[in-house]
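The residues making up each chain are set out below.
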Amino acid sequence: MATRPSTVKTAPGTAVIVNGANESRSIVCDMNDVTINGAGNRVDITGHCRSVTVSGSENHVSVDVSDVITANGIENLVTFRAGSPQINSGEISNVVRPG
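Definitions and limits used
- Residues numbered from 1 in each chain as written.
- Predicted model: local features only at pLDDT ≥ 70, side-chain atom pairs only at ≥ 80, totals over all residues.
- Heavy atoms only, no water.
- Helix = DSSP H or I, 4+ residues; strand = E, 2+ residues; numbered from the N terminus.
- Core = buried A, V, L, I, M, F, W, Y, C linked by side-chain atoms within 4.5 Å.
- Buried < 20%, exposed > 50% of the residue type's maximum accessible area, 1.4 Å probe, protein only.
- Contact = heavy atoms within 4.5 Å.
- Polar contact = N/O pair within 3.5 Å; in protein donor to acceptor, adjacent residues only side chain to side chain.

## A word on unusual backbone geometry
Piece 1. One non-glycine residue, glutamate 75, lies in positive phi territory at about 55°.
Piece 2. Looking at the element boundaries, glutamate 75 is found in the loop between β6 (60–71) and β7 (77–80).
Piece 3. A positive phi is found at serine 93, a non-glycine position, where the angle reads about 55°.
Piece 4. With respect to the element layout, serine 93 can be found in the loop between β8 (86–89) and β9 (95–98).

## Concerning the nonpolar core
Piece 1. Counting 18 residues, the largest nonpolar core has Val34, Ile36, Ile45, Val52 and Val61 as its most contacted members.
Piece 2. Looking at this core, the elements with two or more residues in it are β2 (15–21), β3 (24–30), β4 (33–39), β5 (42–57), β6 and β7.
Piece 3. For this core, the element with the highest residue contribution is β5, accounting for five residues.
Piece 4. Apart from the residues lying within four places of it in its own chain, the contact partners of isoleucine 45 are Ile27, Cys29, Val34, Ile36, Val52, Val61, Ser62, Val63, Asp64 and Arg81.

## As for the side chain of threonine 70
Piece 1. Inspection of the secondary structure assignment puts threonine 70 in strand β6.
Piece 2. Only 3.3 Å separates the side chain of threonine 70 from the side chain of asparagine 88, close enough to count as a polar contact.
Piece 3. With residues up to four places along the chain from it excluded, the contact list for threonine 70 reads Val52, Thr53, Val54 and Asn88.

By themselves, these are just geometric observations and shouldn't be taken as functional.
The following block contains the structure:
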């Protein structure tokens, strides 16, 4: 049986940080700055984020809308469902694309 992802809800505009490996999370964003650190995490973000930063390796992140998306590390995949974010991608084989 698959485990349901834990859902993170915070106050508007506050920082949201996810640390770990092989975590499955859902985040409700309300102009938050979201940081995801680690390896093999699967994170689904709904709502509008001020920024999303992904560091580590092999993280898969999907976000409704973010003003800025930054991908650091190795082989991270970040997809955005709407908008035209400022994209900062460094390190090796990171992909940020509409999806």
